[in-house]
Amino acid sequence: MSSNTVRHDYKVTKENRQKQMGHRSLLLWFTGLSGSGKSTLANLVELELHKKGIATYSLDGDNIRQGINKDLSFAPEDRTENIRRIAEISNLMVDAGVVTLAAFVSPYIADRENIKHIVGAPNFIEIYVNTSLEECERRDVKGLYRKARAGEIKNMTGISAPYEAPINPDIEIKTDHQDINTSVQTILEVIIQKLK
Ligand SMILES: Nc1ncnc2c1ncn2[C@@H]1O[C@H](COP(=O)(O)OS(=O)(=O)O)[C@@H](OP(=O)(O)O)[C@H]1O
Ligand SMILES: Nc1ncnc2c1ncn2[C@@H]1O[C@H](COP(=O)(O)OP(=O)(O)O)[C@@H](O)[C@H]1O
């Protein structure tokens with residue numbers, strides 16, 4: 001479809017922008033079940049990075065699904081397209097020199113591999129927010145699990161749709177056993193090193 005387009009080379013490069021910002025840019029990708037703590041952790045990590053003068057931007061699941069991806073459902077092929085578009089947006093943000101945080105269920109290994117392919121492996125940090133289904137259901141932040149158990153929601157990840165856990169994530173956070181602040185510090189320690 002795009003075979004007749006030609007990429008232009010711009011004089012201001014990603015490297016120029018990173019130098020001006022004073023840090024490199026990365027994509028921090030939070031994956032996990034609904035209610036696992038992705039948004040909570042991404043939010044707090046972004047706040048700490050922002051306080052350190054780092055340019056950040058968070059791609060929020062609800063905004064994306066109510067905006068650019070409002071045509072997509074939770075069927076497997078639509079989730080794949082959801083993640084592909086978010087990866088392309090993330091790639092632009094990273095190219096702009098911004099540390100980008102994205103918190104999406106992103107349940108399929110192949111889709112997360114595709115993000116890595118789109119943004120480039122060195123720019124992609126996979127953060128697995130590993131919270132048991134039992135704990136997510138206990139939290140039931142949005143009441144979705146109750147609805148899924150009652151059969152009112154189809155394709156609910158963990159109940160009636162799969163979640164393929166990362167095999168070798170860059171960071172794994174087990175929120176069943178670790179408090180929020182400790183998790184934020186664990187993530188920051190890894191990220192700050194990589195931003196230098
Ligand atoms: N069927 C089903 N399965 C999973 N999640 C559901 C579903 N229906 C609605 N929701 C709500 O949508 C949020 C997940 O959207 P994502 O774009 O992150 O999903 S995906 O990556 O395309 O799988 C997810 O947000 P979080 O709770 O923040 O993860 C839910 O609130
Ligand atoms: N250790 C923890 N880490 C992250 N969130 C936790 C933890 N313990 C309890 N929570 C709570 O779990 C909920 C997670 O919700 P949210 O961040 O919206 O998850 P997600 O974005 O994965 O759907 C929040 O209400 C948060 O306060």
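All of these numbers come straight from a predicted model, not from anything done at the bench. (Residues numbered from 1 in each chain as written. Chains lettered and ligands numbered in written order. Predicted model: local features only at pLDDT ≥ 70, side-chain atom pairs only at ≥ 80, totals over all residues. Heavy atoms only, no water.)

Before going further, it helps to examine the UniProt feature "active site" (unreviewed entry) in the chain. Mapped onto the present numbering, the UniProt feature "active site" (unreviewed entry) falls at S106. Mapping S106 onto the fold places it in the loop between β3 (99-103) and α5 (109-119). Look past the residues within four positions of S106 in its chain and what remains in contact with it is W29, F30, T31, I83, R112 and Y163. Side chain to side chain, S106 and W29 meet in a polar contact 2.9 Å long. (UniProt positions renumbered as here; feature names shortened; annotations may be inferred. Helix = DSSP H or I, 4+ residues; strand = E, 2+ residues; numbered from the N terminus. Contact = heavy atoms within 4.5 Å. Polar contact = N/O pair within 3.5 Å; in protein donor to acceptor, adjacent residues only side chain to side chain.)

Moving on to the packing of helix α2 (residues 38-51) against helix α8 (residues 180-195). Look at α2 against α8: their axes get within 10 Å of each other, and the N-to-C directions meet at 50 degrees. The angle between α2 and α8 falls in the class oblique. Crossing angle aside, the handedness with which α2 passes α8 is right-handed. Side by side, α2 and α8 meet where T40, L41, L44, V45, E48 and L49 of the first sit next to I180, S183, V184, I187, L188, I191, I192 and L195 of the second. (Axes fitted to C-alpha atoms, helices over the stretch in contact; angles between N-to-C directions. Parallel < 35°, antiparallel > 145°, perpendicular 65-115°, else oblique. Left-handed = near helix turned anticlockwise from the far one by under 90°.)

Contacts to ligand 2 come from 14 residues, most closely from G35, K38, S39, T40 and Q178. In this structure, a nitrogen atom belonging to ligand 2 sits 2.8 Å away from a main-chain N or O atom of Q178. Starting from 580 Å² of accessible surface for ligand 2 in isolation, the protein chains cover 76%. For the shell around ligand 2, the element with the most residues is α2, which contributes 3 residues. For the shell around ligand 2, the per-class residue count stands at 3 nonpolar, 8 polar and 3 charged. (Near = heavy atom within 4 Å. Areas by Shrake-Rupley, 256 points an atom, 1.4 Å probe, with all protein chains shown as cover. Nonpolar A, V, L, I, M, F, W, Y, C, P; charged D, E, K, R; others polar.)

With numbering aligned to this structure, UniProt lists the feature "binding site: ATP" (unreviewed entry) at G32, L33, S34, G35, S36, G37, K38 and S39. If you take the residues mentioned a moment ago, the ones lining the largest pocket come down to S34, G35, S36, G37, K38 and S39. Position of S34 among the secondary structure elements: in the loop between β1 (27-31) and α2. Ignoring any residue separated from it by four or fewer positions in sequence, one finds S34 in contact with V105, C136, L144, Y145 and M156. Mapped onto the elements, S36 comes out in the loop between β1 and α2. Beyond its immediate chain neighbours, meaning those up to four positions away, S36 contacts V129, T131, C136, R139 and T175. (1 Å grid on protein atoms, 1.4 Å probe; cavity = no way out; pocket = protein on both sides within 12 Å on 5 of 7 lines; lining within 4 Å.)

Below, the discussion takes up the packing of aromatic side chains. Applying the stated criterion to the full structure yields 2 aromatic pairs. Residues Y128 and Y163 carry aromatic rings whose centres are separated by 6.1 Å and whose planes lie at 20 degrees to one another, so their mutual orientation is stacked. Of this pair, Y128 sits in strand β4 (residues 124-130) while Y163 sits in the loop between α7 (144-149) and β5 (171-174); the two residues are 35 residues apart in sequence, bridging distant segments of the chain. Residue Y128 shares its accessibility class with Y163, and that shared class is buried. One Lys or Arg, R65, reaches over the ring of F74 and ends 3.8 Å from the middle of that ring. (Phe/Tyr/Trp six-rings, centres within 6.5 Å; stacked < 30°, edge-to-face > 60°. Buried < 20%, exposed > 50% of the residue type's maximum accessible area, 1.4 Å probe, protein only. Lys NZ or Arg CZ within 6 Å of the ring centre and 35° of its normal.)

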